[in-house]
There are 2 protein chains.
Amino acid sequence: MSSSLTPAIDQLVRCLRYLPGVGAKSATRMALNLLERDQGRAADLAIAISDALTRVRRCSRCQNFCEADLCSICESPKRDDRVLCVVESPTDVLAIEQTSDYSGRYFVLMGHLSPIDGIGPEDIGVDKLKQLLQESAVSELILATNPTVEGEATAHFIAHIAKDLNIPVSRIAHGIPLGGELGMIDSGTLSHALQGRKPFA
Amino acid sequence: MSSSLTPAIDQLVRCLRYLPGVGAKSATRMALNLLERDQGRAADLAIAISDALTRVRRCSRCQNFCEADLCSICESPKRDDRVLCVVESPTDVLAIEQTSDYSGRYFVLMGHLSPIDGIGPEDIGVDKLKQLLQESAVSELILATNPTVEGEATAHFIAHIAKDLNIPVSRIAHGIPLGGELGMIDSGTLSHALQGRKPFA
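Residues numbered from 1 in each chain as written. Chains lettered and ligands numbered in written order. Predicted model: local features only at pLDDT ≥ 70, side-chain atom pairs only at ≥ 80, totals over all residues. Heavy atoms only, no water.

1. Here's the deal with the nonpolar core
I9 of chain A together with I9 and I49 of chain B are the most contacted members of the largest nonpolar core, which totals 49 residues. Every element with two or more residues in this core is listed here: α1 (7-16), α2 (24-36) and α3 (39-55) of chain A together with α1 (7-16), α2 (24-36) and α3 (39-55) of chain B. Per-element tally for this core: the top contributor is α3 of chain B, with seven residues. (Core = buried A, V, L, I, M, F, W, Y, C linked by side-chain atoms within 4.5 Å. Buried < 20%, exposed > 50% of the residue type's maximum accessible area, 1.4 Å probe, protein only. Helix = DSSP H or I, 4+ residues; strand = E, 2+ residues; numbered from the N terminus.)

Below, the structure written as structure tokens:
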């Protein structure tokens, strides 16, 4: 960067680059924009970050984000206790909630198993999940971890635990996304879509 | 947004949307990312914003961002006092500095004239620029405001002042950007490029 930025702006640019999808150019644009036009909003943003860091914690039951002891989904009496969906992060809960198709409970892993990074079952809360499965009357465990190598490994690991407890396990379907074109889809996905074919109604 | 975000996260998402180029989806991703993975970095970002808001101010001479009374460019003895380049914002100074082609001084307007928004000459610091032109020995005033309606109007307004003070005025060239294809360029730019043609060396 050039000499015309001040040390405080340089530091702000560096910190903005932590945000996902923000490169050097966007970070500079954001920093100058905050200082030039939106000083009130910049102050609001600083407060909102600090506030969220202080107030947001993990639900003691499902590890989703919450501000009380339990998250809003765990607290809701309308949710079906018999179905539990395991996801890798709160973002995934949000994505599934936006479909409005799921009325069961969640368990949010703190990521996925990754032995190479030293991340084992306890680090992502698998022991807590096991305890939850032992204590509650779950009749279906849906594995909705990501279709990556680590996500699949995590799904297999949890499936073993559930099978030991005689809980039926399912995995969300992988295949061609709606609107997707076969010619544009990677062969891994296409292979999943073929293997996962269903009788045509 | 869904019920699974907490009030503090919702507020953080709202504030992140103030950033240029950040929509609802990116803001949610940024907020969850900050809380999930980068709590230390999130705290750093909050501090960096507050710090920048406290420490960064406008240079008393040229209105560029600085942390002392004068910005680093105004303070530098290596700069050519006879050339003054007028831009709309500190972002533009940064862009011109990155070319390394300019060694004169700058004057940073606080935006551009916009009567419809009630923004007159005093609001963007034209009176200050006039005083600077009267006091210093500027032999060329380069108008580098944006090639928009407001930018052009601002350039014309300042050109009149400079002409009254007998200071030669130039405007940066508008034309086909390097690597641009004529077929892809808007007709306004093409028309500028034709009118601004130069003898071929």
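Now, onward.
2. Brief notes about the domain arrangement of chain A
Domain parsing of chain A yields domain 1 (7-55) and domain 2 (62-199). A separation of 33 Å is found between the C-alpha centroids of domain 1 of chain A and domain 2 of chain A. (Domains from an automatic or database assignment.)

3. Brief notes about the pairing of strand β3 (residues 80-87) of chain B
Residues and elements named next belong to chain B. Pairing of β3 with strand β4 (residues 104-108) involves five bridges; the strand directions are parallel. Counted as the bridge partner of L84 is R105 from β4. Handedness of the crossover joining β3 and β4 through helix α5 (residues 90-97): right-handed. (Pairing = 2+ DSSP bridges. Right-handed = clockwise from strand over helix to strand, strands pointing away.)

4. What about the environment of N146 of chain A?
All names here are of chain A. Tracing the backbone through its elements, the reader meets N146 in the loop between β5 (140-143) and α8 (149-164). Remark: the alpha-carbon pair of N146 and V87, spanning 59 residues in sequence, is separated by 7.9 Å. Beyond its immediate chain neighbours, meaning those up to four positions away, N146 contacts E88, G151, E152 and R171. (Contact = heavy atoms within 4.5 Å.)

5. Quick word on the packing of α3 of chain A against α3 of chain B
Close contact between α3 of chain A and α3 of chain B brings their axes to 9 Å; oriented N to C, the two are set at 150°. Compared by their axis directions, α3 of chain A and α3 of chain B come out roughly antiparallel. When you trace α3 of chain A past α3 of chain B, the crossing you get is left-handed. On α3 of chain B, the residues touching Q39, A42, A43, L45, A46, I49, S50 and L53 of chain A of α3 of chain A are Q39, A42, A43, L45, A46, I49, S50 and L53 of chain B. Residues of the contact of α3 of chain A with α3 of chain B, tallied by class, amount to 12 nonpolar, four polar and no charged. (Axes fitted to C-alpha atoms, helices over the stretch in contact; angles between N-to-C directions. Parallel < 35°, antiparallel > 145°, perpendicular 65-115°, else oblique. Left-handed = near helix turned anticlockwise from the far one by under 90°. Nonpolar A, V, L, I, M, F, W, Y, C, P; charged D, E, K, R; others polar.)

6. What about the packing of α1 of chain A against α3 of chain B?
Their axes nearest at 9 Å, the elements α1 of chain A and α3 of chain B cross at an angle of 155°. Here α3 of chain B runs roughly antiparallel to α1 of chain A, going by the angle between their axes. As α1 of chain A packs across α3 of chain B, the resulting crossing turns out to be left-handed. Touching P7, A8, Q11, L12, C15 and L16 of chain A of α1 of chain A are D44, L45, A48, I49, A52 and R55 of chain B, all from α3 of chain B. Grouping the amino acids of the contact of α1 of chain A with α3 of chain B by side-chain chemistry returns nine nonpolar, one polar and two charged.

7. Thoughts on α1 of chain A
A8, I9, L12, V13, C15 and L16 of chain A are the residues of α1 of chain A that are buried. One side of α1 of chain A holds all its buried residues, which, seen down the axis, span an arc of 165°. Buried residues in α1 of chain A make contact with α2 of chain A together with α3 and β2 (65-66) of chain B. (Arc of directions from axis to C-beta.)

8. Looking at the relation of the copies chain B and chain A
The two copies are related by a screw operation: chain B maps onto chain A through 180° of rotation and 0.0 Å of translation along the axis, at an RMSD of 0.0 Å. These values place the two chain copies in the arrangement generated by a two-fold rotation axis. Among all residues of chain B, the one whose C-alpha sits closest to the rotation axis is A46 of chain B, at a distance of 2.2 Å. (Least-squares fit on C-alpha atoms with pLDDT ≥ 70 in both.)

9. Re the packing of aromatic side chains
If you walk through the whole model with that rule in mind, you get two aromatic pairs over all chains. Note that R41 of chain A overlies the ring of Y18 of chain B, its terminal NZ or CZ placed 4.4 Å from the centroid. (Phe/Tyr/Trp six-rings, centres within 6.5 Å; stacked < 30°, edge-to-face > 60°. Lys NZ or Arg CZ within 6 Å of the ring centre and 35° of its normal.)

10. Topic: the sheet that holds strand β6 (residues 169-171) of chain B
Pairing between sheet strands relies on hydrogen bonds along the backbone, with the strands arranged either parallel or antiparallel. Residues and elements named next belong to chain B. Strand order in this open sheet of four strands is β4-β3-β5-β6, and the pairing throughout is parallel. Each edge of the open sheet carries a strand with a single partner, namely β4 and β6. Geometrically, the sheet is characterised by an average inter-axis angle of 25° between neighbouring strands, direction not taken into account. Together, β3 and β4 form the strand contacts of α5, whose direction differs from that of β4 by roughly 160°.

11. Here's the deal with the interface of chain B and chain A
With 56 residues of chain B at the contact, the number on the chain A side is 56 residues. Interface area, chain B with chain A, both sides summed: about 4800 Å², of which 73% is carbon and sulfur. Interface area lost by chain B to chain A is led by Y18, P20 and F65 of chain B, which between them contribute 13%. For the pair chain B and chain A, the interface holds zero salt bridges. Elements with a contribution of two residues or more to the side of chain B that touches chain A: α1, α2, α3, β2, α4 (72-75) and α5 of chain B. Tallied by class, the residues present in the side of chain B that touches chain A amount to 31 nonpolar, 15 polar and 10 charged. (Buried area = accessible area lost by both parts, 1.4 Å probe. Salt bridge = Lys/Arg side-chain N within 4 Å of Asp/Glu carboxyl O.)

12. A few points about the pattern of salt bridges
Residues and elements named next belong to chain A. Taken as a whole and assessed by the stated rule, the structure comprises 12 salt bridges over all chains. When the shortest N-O distance is used, the salt bridge between D80 and R82 registers 3.1 Å. Connected through salt bridges with shared partners, the residues D51, R55 and E67 form a single ionic network.

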